[in-house]
Amino acid sequence: MAGALTALRLGGLLARRGALLAALLALVFAVVEALPGDAADATADRGESAADVARRRVLLGLDQPVAVRFLRWMAGLPTGDLGVSARGERVWSLLAGPLPNTLLLGGLALAITVAVSLTLGSWAALRPGSVTDRVISASATAVLALPEFVIAVALVLVFALWAGLLPAATLAGPDGTPSSWTMLVLPVLALAIPQIGWNARIVRGALADEARAPHVRAAVLDGLRPSRVLTHHLLPGALPAIATGAATSTGMLLGGAVAVETIFSYPGVGALLAGAVADRDTPVIAGVVALTGLVITCVLLVADLIRSWAAGGRP
């Protein structure tokens, strides 16, 4: 019975996340449609006649209503068909190189965010009201208020231009990935630092709330070591809030990657997405949104399952 209920909850979560992603993709089509011009105009060669542009408009299906084009594109999505770009290339082929690079960047930033925010938040929570607690809380608030591109520029100035320790630009190797791991350091830090500030506050607050629970107070009165109280009594109860914060950061990291990739000339989807917007290339834009949305949806689903598990909904 419990397994059936868990399966039903999982099905409901998947349905809600899928509906949200479909609504987001519909919004993408509508927004691109509202922009001045279309893909046929944007990709027209110099001196091309109006008749040639009109023929390309028909070939791209732009003579059809936007709702028809959206439904046709969505029909191919379950089979992995992301359509054809305005310049005649398969969208999958365009994304095959840059998307894994962006996911690598975001994945490393997420891993660092979770590790550092757990450490700082736990350190502060075990010393409530101390100088350490106040410094961590103030620092977390300060870095949270800084946009990724501001932090990226500051990192370039300090570590690349002044100290000369790390490269300011990313050079791609023959396979399209960064040619050295050192080229990942500054972009990853630029993405992770604001999210560390936000998640450290979430960890600190969740642990502080959990510390008021009777079983935690009993563990403290029993004389258990602070580290054991943290790992066996505080963290299990705070895990749902921590997981939700980390899952939400996934979307912020992938969104912030577009600006960070531009600053560091990183070979991700940022440049591809900027070109697609300039070309009014709806299939490419929707393909990026669909795949990144799928990643975010999976991470959010994991967070939902963690909350269900913590609430006693284990299969």
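Above: the structure in question.
Draft legend 1. Geometry of the overall build of the protein. Of regular secondary structure, the protein possesses 13 helices and 0 strands. Mapped from its N terminus to its C terminus, the protein presents α and β elements in the order α-α-α-α-α-α-α-α-α-α-α-α-α. Principal-axis analysis of the C-alpha atoms gives the protein an extent of 85 × 60 × 35 Å. Evaluated residue by residue, the protein yields a buried proportion of 38% over its 315 residues. Counted over contacts in the protein with a minimum sequence separation of 6, partners at least 24 positions apart contribute 73%. Approximately 16100 Å² of the protein is accessible, and the part contributed by carbon and sulfur atoms is 70%. In the protein, 22 positive and 19 negative side-chain charges are present, and the distance between their average locations comes to 12 Å.

Draft legend 2. Structural detail: the packing of aromatic side chains. All chains considered together, the criterion is met by 2 aromatic pairs. Ring geometry for F29 against F70: centres 5.3 Å apart, planes inclined by 70°, an arrangement best described as edge-to-face. Pair noted here: F29 is in helix α1 (residues 2-34) and F70 is in helix α4 (residues 66-76), with a separation of 41 residues, a long-range link. F70 matches F29 in its accessibility class, with the two residues each being buried.

Draft legend 3. How the structure looks around the environment of A39. Relative to the assigned elements, A39 resides in helix α2 (residues 39-42). The class for A39 is buried, based on a relative accessible area of 5%. In sequence terms A39 and A276 are 237 residues apart; their C-alpha atoms lie 9.1 Å from each other. Setting aside anything within four residues of it in sequence, one finds A39 in contact with L60, L62, A86, D279 and R280.

Draft legend 4. Molecular detail of the packing of helix α8 (residues 148-162) against helix α11 (residues 226-263). Where α8 contacts α11, the two axes come as close as 9 Å, and the packing angle between them is 40°. On the basis of the axis angle, α8 is oblique to α11. For the pair α8 and α11, the sense of crossing is right-handed. The residues of α11 that touch α8, namely those facing E148, F149, A152 and V153, are M252, G256, V260 and I263.

Draft legend 5. Spotlight on empty space enclosed by the protein. Overall, the coordinates contain 2 cavities of 30 Å³ or more when judged by the stated rule. If you add up the space inside the largest cavity, you get close to 40 Å³. Taken together, V114, S117, L118, N199, V203, I242 and A246 make up the full set of residues lining the largest cavity. Counting residues per element, the ones that place at least two in the lining of the largest cavity are α6 (98-125), α9 (182-210) and α11. The residue inventory of the lining of the largest cavity, partitioned by class, reads 5 nonpolar, 2 polar and no charged.

Draft legend 6. View of unusual backbone geometry. Look at S265: it is not a glycine, yet its phi comes out positive at around 50°. Looking at where S265 falls in the secondary structure, it is placed in the loop between α11 and α12 (269-278).

Draft legend 7. Representation of the side chain of T250. Locating T250 in the fold gives a position in helix α11. Not counting chain neighbours up to four residues away, the residues in contact with T250 comprise L110, I296 and V299.

Draft legend 8. Region of the structure containing the pattern of salt bridges. What the rule picks out here adds up to 8 salt bridges. Here E33 ties to R69 by a salt bridge, and the two come within 2.7 Å at their closest N and O atoms. Here E33 is found in helix α1, whereas its partner R69 is found in helix α4, with 36 residues between them in sequence. Linking D52 and R55 is a salt bridge whose minimum nitrogen-to-oxygen distance equals 2.0 Å. Within this pair, D52 and its partner R55 are both found in helix α3 (residues 50-59), separated by 3 residues, close to a single helical turn. Residue D52 is classed as partly exposed on the basis of its relative accessible area of 27%. Through salt bridges with shared partners, a single ionic network connects D38, D41 and R57.

Draft legend 9. Summary view of the nonpolar core. Grouped together as the largest cluster of nonpolar side chains are 22 residues, with contacts concentrated most on L25, V28, W73, L82, L95, I285 and A286. Among the elements of the structure, α1, α4, α5 (91-95), α12 and α13 (282-310) are those that each provide at least two residues to this core. No other element matches α13, which puts 7 residues into this core. Among residues more than four places away in sequence, those in contact with W73 are L25, F29, D81, L82, G83, P283, A286, G287 and A290. Of all hydrophobic cores here, the second largest spans 21 residues; its members include A192, L253, A257 and F264.

Calculation criteria
- Residues numbered from 1 in each chain as written.
- Predicted model: local features only at pLDDT ≥ 70, side-chain atom pairs only at ≥ 80, totals over all residues.
- Heavy atoms only, no water.
- Helix = DSSP H or I, 4+ residues; strand = E, 2+ residues; numbered from the N terminus.
- Buried < 20%, exposed > 50% of the residue type's maximum accessible area, 1.4 Å probe, protein only.
- Contact = heavy atoms within 4.5 Å.
- Areas by Shrake-Rupley, 256 points an atom, 1.4 Å probe, with all protein chains shown as cover.
- Lys, Arg positive; Asp, Glu negative; His and termini not counted.
- Charge placed at Lys NZ, Arg CZ, Asp CG, Glu CD.
- Phe/Tyr/Trp six-rings, centres within 6.5 Å; stacked < 30°, edge-to-face > 60°.
- Axes fitted to C-alpha atoms, helices over the stretch in contact; angles between N-to-C directions.
- Parallel < 35°, antiparallel > 145°, perpendicular 65-115°, else oblique.
- Left-handed = near helix turned anticlockwise from the far one by under 90°.
- 1 Å grid on protein atoms, 1.4 Å probe; cavity = no way out; pocket = protein on both sides within 12 Å on 5 of 7 lines; lining within 4 Å.
- Points joined across faces, edges and corners; volume = space filled by probe spheres on them.
- Nonpolar A, V, L, I, M, F, W, Y, C, P; charged D, E, K, R; others polar.
- Salt bridge = Lys/Arg side-chain N within 4 Å of Asp/Glu carboxyl O.
- Core = buried A, V, L, I, M, F, W, Y, C linked by side-chain atoms within 4.5 Å.

None of the figures reported here should be taken as evidence of function without further support.
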